[in-house]
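Residue-level structural notes
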Amino acid sequence: MSDLEAPLRPKRKKNVMDFLVQFRWVVVIFVVLPLSFLYYFSIYLGDVRSECKSFKQRQKEHDENVKKVVKRLKERNASKDGLVCTARKPWVAVGMRNVDYKRARHFEVDLSPFRNVLDIDKERMIARVEPLVNMGQISRVTVPMNLSLAVVAELDDLTVGGLINGYGIEGSSHIYGLFSDTVVSYEVILADGQVVRATKDNEYSDLFYAIPWSQGTLGLLVSAEIKLIPVKEYMKLTYKPVVGNLKEIAQAYIDSFSPRDGDQDNPAKVPDFVETMVYSPTEAVCMTGRYASKAEAKQKGNVINNVGWWFKTWFYQHAQTALKRGEFVEYIPTREYYHRHTRCLYWEGKLILPFGDQWWFRFLFGWIMPPKVSLLKATQGEYIRNYYHENHVIQDMLVPLYKVGDALEWVNHEMEVYPIWLCPHRLYRLPLKTMVYPEPGFELHRRQGDTQYAQMYTDVGVYYAPGPILRGEVFDGIEAVRKMESWLIENHGFQPQYAVSELTEKNFWRMFDGGLYEHCRRKYRAIGTFMSVYYKSKKGKKTEKEVQDAEQETAELETPEVDEPAD
């Protein structure tokens, strides 16, 4: 952005919060990192114990735990107890949106035992898992079998339940869609304690399509069957530098995975993995990956890069070297590639630990990275949390692929956040209209990346301190998020609900379609038992009176019979 284009902003006066945030690394190094390591290690030991049990034994324990949840639900007195919530502490969630609704009166149901891989069915190519299984756990089980979930979100800590009920994407989503699109069935406990299995073609098909993005407000997810795909031992990754303006960068990104002849389903023309990192308004690196065998990777002359080692350069910085080196190719072990952004939390680690990317820190302390996000939240306090909301951006903008250039220019003008993460995903045209859906008539335009059955979208990941904040200027983070949300609504885009939102209820339902969701809320008696998705996502503390008013308001909307949604 040139000086003439940059908005003129006055200098901001620093206060004690700036000082606390600047030196927060002291707490992170001496408190958060050691506790994170112990926490990760304890979870790992639990996972190992689980893996020592047979699938039959795990299934038996699962059935017993389901019965306990059903019994707990039936103990609830609807006239006295609050709305149903999980017993997980408010700060445990990985997302930046604080779970403020749990500060009010609520009825807790403990789902903490549901963290087991229940079955790996190699014949059906299905993994059956419980909702608290995380990406690191499932990849540790499947990759040695040369199998993988079709979509493996990059951060180890992200759970199956969070990615289904919320939002999950990966570099393979341009082929398979979002994480929820790879699910074959859901096992759900409804408000009345009934346990049902929802698939796309059984009597609970409406519930199957309504669960994604519902934030657990239709029922309690206790297991899911998820599609597996065959994989090889390595990822052959090509780094290609791009220099130009933001529109030219956007087009290079689109060309990296979308054939201009429209042959989007041709594996010979479409890579297995795609991501682009935009480092400035004029520089980016496009990365495309294809699975490769161990024999191919170890051929003479090939470069193998074990990016998972604790002392290695953070991945986004390693990729940036392509801007000086030029295009290059290397082979990365598949599981290490899946979790390439975990150690440095994309590039947020640079803000948390300003010297965390230095060689001496990586060598001495990289083995206890990353700090656990939930512990970062638990130790920050409300004032620091509010500071981050106002002076920091952690948002994802899901936009149609052909609008990615416009989105990059908007972010550059309004937020000046770099790097920016670009990752494409298919948004399918489904039998029922879900909360997120393609643009009407997209199949008639057949823009680059689109097919007859899905429109190609892109996640524009905006995570870092805005340029004005780094320059010591005034920046209104809350107003910037409001502008972003308005831009998304105008451009048929979506905002994942893990992030802090400023949406009013009216604008929330302008962004998302609530027809099928509300239909299922009534049909499956979720109203009066589970909080509505908007209210659950709403920013700010929820008082007991607000909860009571919300219960009363939603209960009055309940109707005994509702027509089925049209196809």
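Everything numeric here is computed off the predicted structure, so don't read it as measured data. (Residues numbered from 1 in each chain as written. Predicted model: local features only at pLDDT ≥ 70, side-chain atom pairs only at ≥ 80, totals over all residues. Heavy atoms only, no water.)

Brief notes about the nonpolar core
Formed by 136 residues in total, the largest nonpolar core has its most connected members in Tyr239, Met397, Met415 and Val460. When residues in this core are grouped by element, the largest group, six residues, is from strand E15 (residues 454-464). Counting 15 residues, the second-largest nonpolar core is a separate cluster that includes Leu73, Val84, Leu111 and Phe114. (Core = buried A, V, L, I, M, F, W, Y, C linked by side-chain atoms within 4.5 Å. Buried < 20%, exposed > 50% of the residue type's maximum accessible area, 1.4 Å probe, protein only. Helix = DSSP H or I, 4+ residues; strand = E, 2+ residues; numbered from the N terminus.)

Examining unusual backbone geometry
The linkage connecting Met369 with the following residue, Pro370, adopts the cis geometry, with an omega of 5°. Inspection of the secondary structure puts Pro370 in the loop between helix H14 (359-365) and helix H15 (373-378). The linkage connecting Tyr418 with the following residue, Pro419, adopts the cis geometry, with an omega of 0°. With respect to the helices and strands, the residue Pro419 is situated in the loop between helix H17 (404-414) and strand E14 (420-428). Positive phi, close to 50°, is recorded for Leu345, a residue that is not glycine. With a phi angle near 50°, Arg446 is a residue other than glycine that sits in the positive phi range. Looking at the element boundaries, Arg446 is found in the loop between helix H18 (442-445) and E15. Take Arg446: its relative accessible area is 39%, and that puts it in the partly exposed class.

Concerning the sheet that holds E15
Judged by pairing direction, the sheet is antiparallel, and its seven strands sit side by side in the order E12-E9-E11-E10-E14-E15-E13 without closing on themselves. A strand with exactly one partner marks an edge of an open sheet, and here the two such strands are strand E12 (328-333) and strand E13 (393-400). Adjacent strand axes in the sheet meet at a mean angle of 25° when their direction is disregarded. (Pairing = 2+ DSSP bridges. Axes fitted to C-alpha atoms, helices over the stretch in contact; angles between N-to-C directions.)

Brief notes about the confidence of the model for the protein
Keep in mind that low pLDDT regions are not for reading the predicted coordinates in detail. Per-residue confidence for the protein averages 90 on the pLDDT scale, and 90% of its residues sit at or above 70. Confidence drops under a pLDDT of 50 for residues 558-567, and excluding neighbours within four residues, the segment shows 17 contacts in the predicted structure. (pLDDT = per-residue confidence, 0-100. Contact = heavy atoms within 4.5 Å.)

Details of empty space enclosed by the protein
Under the defined criterion, the tally for this structure stands at four cavities of 30 Å³ or more. Each pocket or cavity is described by its volume, and for the second largest cavity that value is around 70 Å³. For the second largest cavity, the lining is made up of 11 residues, of which Tyr40, Leu155, Asp157, Leu345 and Val373 are closest to its centre. Looking at the lining of the second largest cavity residue by residue, the class counts come to seven nonpolar, one polar and three charged. (1 Å grid on protein atoms, 1.4 Å probe; cavity = no way out; pocket = protein on both sides within 12 Å on 5 of 7 lines; lining within 4 Å. Points joined across faces, edges and corners; volume = space filled by probe spheres on them. Nonpolar A, V, L, I, M, F, W, Y, C, P; charged D, E, K, R; others polar.)

Quick word on the UniProt feature "transmembrane region" (unreviewed entry) in the protein
UniProt records the feature "transmembrane region" (unreviewed entry) for residues 21-41 in the present numbering. Helix makes up 90% of residues 21-41 and strand 0%, and the two end C-alpha atoms of the span are 28 Å apart. (UniProt positions renumbered as here; feature names shortened; annotations may be inferred.)

Description of the packing of aromatic side chains
Here the structure, examined in full by the defined rule, presents 37 aromatic pairs. Summarising the aromatic geometry, the rings of Tyr428 and Tyr453 are spaced 6.2 Å apart at their centres and angled 15° between planes, so their arrangement reads as stacked. A residue pair is termed long-range when its members are at least 10 positions apart, and Tyr428 in strand E14 and Tyr453 in the loop between H18 and E15 qualify at 25 residues. Chaining the aromatic ring pairs together yields one cluster made of Tyr167, Trp213, Tyr437, Tyr457, Phe494, Phe508, Trp509, Phe512, Tyr517 and Tyr534. The ring of Phe107 carries the charged tip of Arg72 above its face, separated from the ring centre by 3.9 Å. Over the aromatic face of Tyr337 sits the side chain of Arg340, whose NZ or CZ is 4.1 Å from the ring centroid. (Phe/Tyr/Trp six-rings, centres within 6.5 Å; stacked < 30°, edge-to-face > 60°. Lys NZ or Arg CZ within 6 Å of the ring centre and 35° of its normal.)

With respect to the side chain of Glu485
Among the secondary structure elements, Glu485 is positioned in helix H20 (residues 477-490). Although Glu485 lies buried, it forms no salt bridge, and the closest oppositely charged side chain, Arg482, sits 6.3 Å away as judged by the N-O distance. At a separation of 3.0 Å, a polar atom in the side chain of Glu485 contacts the side chain of Ser501. With residues up to four places along the chain from it excluded, the contact list for Glu485 reads Gln495, Val500, Ser501, Glu502, Leu503 and Met511. (Lys, Arg positive; Asp, Glu negative; His and termini not counted. Salt bridge = Lys/Arg side-chain N within 4 Å of Asp/Glu carboxyl O. Polar contact = N/O pair within 3.5 Å; in protein donor to acceptor, adjacent residues only side chain to side chain.)

Details of helix H16 (residues 381-391)
Turning to H16, its buried residues number three or more, namely Ile384, Arg385, Tyr387, Tyr388, His389 and Asn391. Each element contacted by the buried residues of H16 is listed here: helix H1 (16-22), helix H19 (467-470) and H20.

Notes on the packing of H17 against H20
Put simply, H17 and H20 touch, their axes get as near as 11 Å, and they point 165° apart. Taken together, the axes of H17 and H20 lie roughly antiparallel to each other. In this structure, H17 crosses over H20, and the sense of that crossing is right-handed. Taken together, the residues of H20 that come into contact with H17 (itself represented by Asp406, Ala407, Trp410 and Glu414) are Ala480, Lys483, Met484 and Trp487. (Parallel < 35°, antiparallel > 145°, perpendicular 65-115°, else oblique. Left-handed = near helix turned anticlockwise from the far one by under 90°.)

Examining the pattern of salt bridges
Throughout the structure, instances matching the rule amount to 27 salt bridges. Ionic pairing is found between Asp206 and Lys523, a salt bridge with its closest N-O pair at 2.9 Å. Taken together, the residues span a long stretch of sequence, with Asp206 in helix H7 (residues 205-210) and Lys523 in helix H22 (residues 515-523) at a distance of 317 residues. With a relative accessible area of 3%, Asp206 lands in the buried category. What you see here is one network of salt bridges that share partners, running through Asp47, Glu51, Arg115 and Arg140.

Description of the layout of surface pockets
In this structure, the second largest pocket encloses a volume near 540 Å³. In terms of lining residues, the second largest pocket is bounded by 24 residues, among which Ser180, Asp181, Phe208, Tyr209 and Leu430 are the most central. Breaking the lining of the second largest pocket down by element, the ones donating at least two residues are strand E6 (183-189), H7 and E14. It is E6 that contributes the most residues to the lining of the second largest pocket, three residues altogether. The class makeup of the residues in the lining of the second largest pocket is 15 nonpolar, four polar and five charged.

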